[in-house]
Amino acid sequence: MSNIEIDAPGTTQLLLGNEAIARGALEAGIGFATAYPGTPSSEIMATLAPIAKKMGIYAEWSINEMVAFEAASAASLSNIRALSSMKANGVNVITDFLVNLQMTGIKKGLVLVVCDDPGGMTSSNEQDTRPIAKWLNIPLLEPSTAQECKDMTKWAFELSEELGMVCMVRSVTYLSHTRGNVRFGRLPEETKKAHFADFYDIDDPQQSKYTCGMQFHPYKQSEVLLKRFSKAQGHCEGSPFNSYNGPNTPDLIIFTSGICWTYATEAVKILNLQDRVGIVKLGTTWPLPEEFVTRHLERSNKVLFIEEISPLVEQSVMELAASLPADRPRPTFYGKRSGHVRAWGEQDLNLVIQSIATVMGTSYRSRQSSNAEYQSTLKEVAKTLPARPLTFCPGCAHRASFWAIKIALQLDGRNGFVTGDIGCTAMGMISPGSFQVRTYYAMGGGVGIANGFGHLNQFGFSQPVIAVCGDSTFFHASIPGLINGVWNKSNFTLTILDNSATAMTGFQPHPGTGITATGETGKKVSIEAICRSLGVSVQVCDPFDLTDTVNTLLKVMRNEGNATVVILRRECELVRARRERKKPYKMYVDSSRCIGEECGCNRICTRVFSCPGLVWDRDAGKAVIDEAVCEGCGLCAEVCPQGAILKEAL
Amino acid sequence: MSARELSKDPLNVIIAGVGGQGNVLMSFLIGSALVRSGYFVTVFDNYGASQRLGAVASHIKISREGANASPLLHEGDADVIVGMEPIELLRNLIRFGNPEVIAIVNTRPVYPIGVISGEVDYPELNKAIETIRRLSAQSWIMNATEEALRLGNPIYANVILLGALLGSNTLPLDKETMEGVLKEELPKVFDTNMVALHRGMDLVRETMNK
């Protein structure tokens, strides 16, 4: 949809924040880009990969964030600018490497883009990654608009190179996934030459600069790191991405960063307080531009902080204020500490209007709330609207897999349960997955936690444990957990729901597909070959063959005292539909065979199985196919005890 | 291209629907046409985690002043709401509606899982439509999915509704710019999209306009 590779300086395109980040990297002249898919970060690599070859860039979807970041570092150390992008959880995965890379520093610009998900709309948590930058002394940039996503990413490479250390660009869902006008700059023309050669010249000319510890005692490297980082402040001090807008002596001054700056700006305008409230926009939130901040702190005796999510700027500015001489003014601080700003979840325009109005002692009525009768009618209507909860797509193999797991656990009868993992399979915890998933934490966490459950038998634990993961999750972080289970003889069944795609984040390829990010044929890695090499029993089933799947699961669950593997393999229906562009079956309900509520099946089709393509015709009292939704997968024909749901091959 | 003055700045539009109906594409097409017409636009597609059949709402803010608008509308501040599904229009009307709002709605329901399983009821359709009429200053009501099925695929409902939006003259958009965007972005289905776009424009003329 976008065309980020054109060399047309001065033209404007409507770009996603993530596309703008990709464009910024192009304008910075990157030669290397890596990522692991994760909402809301995925579009950065999804935009770069298809144009990588043409632009002379190496781009890859890596097996996980750790390898992605390590590989990008290699490019940097070899004189090539490199970008690595991931969601917040990914930074947890790279932290060990990152801590150590900070000790040695880097060579050519290395930028880590992190897309946080305040509110946790598509994540297991709502982690704020920014404190890691403060903890590890990493320069932290927070763009506020799509334009800044491009401009600040480009600047991050320059800064990284200047300081000799990795720089972090932090986005959030509402920035990464918002389209905005972006004015393009120039694409650089330069020949890149990669070569790794850099040796330390202080203590030991024999040891490479890019090693941690040993002769270079970590404390010596810390000293060098702090020296390097101290230069960052000067760069941030003069940055055009820090600015003030407002009267000379406002009644209130707001310190804000990232997407929250747009909320604050719009809220002040909506409240008509432009003459009384000033806004300090911080584009460089670590290190703080201390002189700039101090100068603006003196403008007002009331200061409000608006940011997502942790009070990073709030605490940093308060630390700075505490260090100022006693004769300097001490404003009153409002924010998360004082309770004037919500300390959890994402901010939005409503919340920010509320916070500013409270501190300013004014009130606000919207076009809706200023009409009480209209608003009360809306409240009545709201009560009549059914929610639209998450579900598996029509034709999804996971619906069948969790159905089979549920039946197998019921037949087994020992109160068995499922430990879940990240991705589409996580929906096994809610109704479309028959509520089977009982624990859910992190990539690889399903099989990891199963290791422990599988060793509790000496304390009387007798429940079967089924660890579930997707195919991409298997490669990312589940293999060590499986090996540990095999080695230590833990008692669990790892069930890999292999739909041949990283489906939740947009169908990115992974080692099992054998296709690389740039669409080339890579080496295809076999999940069953990996598992079999460990000497465990491996069964492969098609989850749409419900009888076979249930029987297989039942059998392996009874195989006490060993970790076992079942692969439930069927391609993601959306991937299939996109490729083949036709439905496999035309589905229909034979209304003479459907006997509705009389059947005794508890309406297994629509009440229990609940595929959105198969609906209940209340007037007729029978099931019916919704042809606008049904993908024609044919699975529902198997669940109807009356054989009333029929499929016709297309 | 210099942008025409707006009745309000920013002018706020919501496209509400269900995952799989083509919300994201529609908001992108509208946004692209507006950028070509010289406006500053922000477009946020609120689609959460589900690929298909979750509630989706695209928030579009149109401005002549600058590109610094925040991504989401605030309470009661929609100027136009397009509903690709009736209760999704209502859901957004509840949060963002006001007595001056303009509504364009596809009458074809997509049933949530809870309705299919019988745990909750879908509101009676005629009543829901009546509520939309009552709570908007102006409304256009049409079965865009049925029209789209006549063109061979329910997905064309989005371009039919785009045509209706164009025909309603509520946005500073002209037909030629929109056609240009459709030609460039979706060349393979351009002919069918033209039929769909014009059908939508006709429907606005034909359907009852309060």
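Definitions and limits used
- Residues numbered from 1 in each chain as written.
- Chains lettered and ligands numbered in written order.
- Predicted model: local features only at pLDDT ≥ 70, side-chain atom pairs only at ≥ 80, totals over all residues.
- Helix = DSSP H or I, 4+ residues; strand = E, 2+ residues; numbered from the N terminus.
- Buried ≥ 20, exposed ≤ 12 C-beta atoms within 10 Å, placed from the backbone.
- Contact = placed C-beta atoms within 7 Å.
- Rg over C-alpha atoms; globule rule 2.2 N^0.38 Å.
- Pairing = 2+ DSSP bridges.
- Axes fitted to C-alpha atoms, helices over the stretch in contact; angles between N-to-C directions.
- Parallel < 35°, antiparallel > 145°, perpendicular 65-115°, else oblique.
- Left-handed = near helix turned anticlockwise from the far one by under 90°.
- Nonpolar A, V, L, I, M, F, W, Y, C, P; charged D, E, K, R; others polar.
- Core = buried A, V, L, I, M, F, W, Y, C linked by C-beta atoms within 7 Å.
- Expected span 1.5 Å × (residues − 1).
- Bend = angle between axes of the 7 residues up to and from the residue.
- Right-handed = clockwise from strand over helix to strand, strands pointing away.
- pLDDT = per-residue confidence, 0-100.

### What to know about the overall build of chain B
- A tally of regular secondary structure across chain B gives eight helices and six strands.
- Mapped in sequence order, the helices and strands of chain B form the string β-α-β-β-β-α-β-α-α-β-α-α-α-α.
- Expressed as lengths along the three principal axes of its C-alpha atoms, the size of chain B is roughly 50 × 40 × 35 Å.
- The buried share of chain B, reckoned over its 210 residues, is 61%.
- Partitioning the contacts of chain B with sequence separation of at least 6, the portion at a separation of at least 24 is 68%.

### Concerning the overall build of chain A
- Secondary structure summary: chain A contains 22 helices and 24 strands in total.
- Expected size for 650 residues packed as a compact globule is a radius of gyration near 26 Å; at 28 Å, chain A falls within 12% of this value.
- The dimensions of chain A, computed from C-alpha atoms along their principal axes, are 85 × 75 × 60 Å.
- Within chain A, the fraction of its 650 residues that count as buried is 52%.
- The contacts of chain A with a sequence gap of at least 6 include a subset with a gap of at least 24, amounting to 78%.

### Quick look at the sheet that holds strand β15 (residues 417–419) of chain A
Residue and element names in this part refer to chain A.
- As summarised here, the arrangement of the six strands in space is β16-β15-β17-β18-β20-β19, forming an open sheet in which the pairing is parallel. On the outer flanks of this sheet lie β16 (437–439) and β19 (538–541), each paired with one strand and no other. Put simply, the sheet's adjacent strands are angled 30 degrees from each other on average, direction ignored.
- One ladder, built from four bridges, connects β19 with strand β20 (residues 564–569); its direction is parallel. Across the sheet, residue valine 538 finds its bridge partner in β20, namely valine 565.
- With respect to the sheet, helix α15 (residues 397–412) is in contact with β15, β17 (465–470), β18 (493–498) and β20, its orientation differing from that of β18 by roughly 160 degrees.
- Here helix α17 (residues 471–487) sits on the sheet in contact with β17 and β18, set at roughly 135 degrees to β17.

### Examining the packing of helix α10 (residues 260–270) of chain A against helix α13 (residues 349–360) of chain A
Residues and elements named next belong to chain A.
- It is at 9 Å that the axes of α10 and α13 come closest, and there the two elements cross at 60 degrees. By the angle class used here, α10 and α13 are oblique. Viewed along their axes, α10 and α13 form a crossing whose handedness is right-handed. Counting all contacts with α10, which are made through Tyr263, Ala264, Glu266, Ala267, Val268 and Ile270, the residues of α13 involved are Leu349, Val352, Ile353 and Ile356.
- Class assignment of the residues belonging to the contact of α10 with α13 gives a composition of nine nonpolar, no polar and one charged.

### Examining the packing of helix α16 (residues 445–453) of chain A against α17 of chain A
All names here are of chain A.
- One way to put it is that α16 packs onto α17 with a least axis distance of 7 Å and a crossing angle of 20 degrees. It follows that α16 is roughly parallel to α17 by the angle criterion. Crossing hand, α16 versus α17: left-handed. Residue-level contacts link Val447, Gly448 and Asn451 of α16 to Ser478, Gly481, Leu482, Asn484 and Gly485 of α17.
- Class assignment for the residues of the contact of α16 with α17 results in two nonpolar, six polar and no charged.

### Section: the interface of chain A and chain B
- Counting residues at the interface gives 53 residues for chain A, matched by 55 residues for chain B.
- Mapped by element, the contributors of at least two residues to the side of chain A that touches chain B are β1 (12–16), β8 (178–183), α10, α13, α14 (372–383), α21 (604–608) and β22 (614–617) of chain A.
- A per-element tally of the side of chain A that touches chain B places α14 of chain A first, with five residues.
- Class assignment for the residues of the side of chain A that touches chain B results in 26 nonpolar, 21 polar and six charged.

### Describing unusual backbone geometry
- A cis amide bond, omega 0 degrees, links tryptophan 286 of chain A with the succeeding residue proline 287 of chain A.
- Within the secondary structure, proline 287 of chain A is located in the loop between β12 (284–286) and α11 (290–297).
- Aspartate 9 of chain B connects to proline 10 of chain B through a cis peptide bond whose omega is 0 degrees.
- One non-glycine residue, lysine 489 of chain A, lies in the positive phi region at around 55 degrees.
- Tracing the chain through its elements places lysine 489 of chain A in the loop between α17 and β18.

### Here's the deal with the environment of methionine 121 of chain A
Residue and element names in this part refer to chain A.
- Mapped onto the secondary structure, methionine 121 falls in the loop between β5 (110–116) and α5 (130–136).
- For methionine 121, a count of 17 C-beta atoms within 10 Å gives the class partly exposed.
- In sequence terms methionine 121 and glutamate 346 are 225 residues apart; their C-alpha atoms lie 9.6 Å from each other.

### What about α10 of chain A?
All names here are of chain A.
- Among the 11 residues that make up α10, eight are buried, leaving the element largely enclosed by the rest of the structure.
- Among the residues making up α10, those that are buried are Cys260, Trp261, Thr262, Tyr263, Ala264, Thr265, Ala267 and Val268.
- Along its buried surface, α10 packs onto β10 (252–257), β11 (277–282), β13 (302–306) and α13.
- Looking one or two residues past α10, asparagine 272 carries a phi angle of roughly 60 degrees, positive in sign.

### A short note on the sheet that holds strand β9 (residues 243–245) of chain A
Residues and elements named next belong to chain A.
- Spatial strand order, β9-β11-β10-β13-β14: five strands in an open sheet with mixed pairing. Across the chains shown, the open sheet's two edge strands, defined by having one partner strand only, are β9 and β14 (332–334). Neighbour to neighbour, the strand axes of the sheet diverge by 20 degrees on average, direction disregarded.
- Two strands pair when backbone bridges link them, and β9 and β11 are joined in this way by three bridges, in the antiparallel orientation. Bridge assignment links serine 243 to a residue of β11, and that residue is lysine 281.
- Its contacts with the sheet place α13 against β10, β11, β13 and β14, and it is angled at close to 165 degrees to β13.

### Notes on the pairing of β22 of chain A
- Pairing analysis gives four bridges linking β22 of chain A to strand β23 (residues 622–625) of chain A, with the strands arranged antiparallel. Looking at β23 of chain A, one finds that valine 615 of chain A is bridged to valine 624 of chain A.

### Some points on the environment of serine 434 of chain A
All names here are of chain A.
- Of note, serine 434 is situated in the loop between β15 and β16.
- With 21 C-beta atoms counted inside 10 Å, the residue serine 434 sits in the buried group.
- C-alpha of serine 434 to C-alpha of isoleucine 407: the two residues are 27 residues apart in sequence and 9.9 Å apart in space.
- Not counting the four nearest positions on each side in its chain, serine 434 is found in contact with Phe402, Trp403 and Lys406.

### What to know about the nonpolar core
- Counting 253 residues, the largest nonpolar core has Ala33, Met45, Ile254 and Ala264 of chain A together with Ile81 and Leu161 of chain B as its most contacted members.
- Setting aside anything within four residues of it in sequence, one finds isoleucine 81 of chain B in contact with Ile14, Ala16, Leu89, Asn92, Leu93, Phe96, Val101 and Ala103 of chain B.

### Describing helix α4 (residues 88–104) of chain A
Residue and element names in this part refer to chain A.
- For α4, built from 17 residues, the straight-helix expectation of 24 Å at 1.5 Å per residue is met to within 8% by its first-to-last C-alpha distance of 24 Å.
- The axis of α4 is deflected most strongly, by about 60 degrees, at isoleucine 94.
- Within α4 the residues assigned to the buried category are Ala88, Asn89, Gly90, Val91, Val93, Ile94, Leu98, Leu101, Gln102 and Thr104.
- The secondary structure elements touched by the buried residues of α4 are α3 (65–77), β4 (82–87), β5, α5 and α8 (218–230).

### Considerations on the pairing of strand β5 (residues 102–106) of chain B
Residues and elements named next belong to chain B.
- In terms of burial, β5 is largely enclosed, as five of its five residues are buried.
- Alternating residues of β5 divide into Ile102, Ile104 and Asn106 and Ala103 and Val105, and every residue in both groups is buried.
- Pairing geometry for strand β4 (residues 80–83) and β5, over four bridges, is parallel. Within β5, the residue paired with glycine 83 across the bridge is valine 105.
- The handedness of the β4 to β5 crossover, carried by helix α2 (residues 86–96), is right-handed.

### Section: the confidence of the model for chain B
All names here are of chain B.
- Averaged over every residue, the pLDDT of chain B is 91; residues scoring 70 or more account for 94%.
- Within chain B, β4 carries the highest mean pLDDT (98), whereas helix α3 (residues 113–117) carries the lowest (83).
- Overall fold confidence for the complex sits at a pTM of 0.94, while the interface term, ipTM, reaches 0.93.

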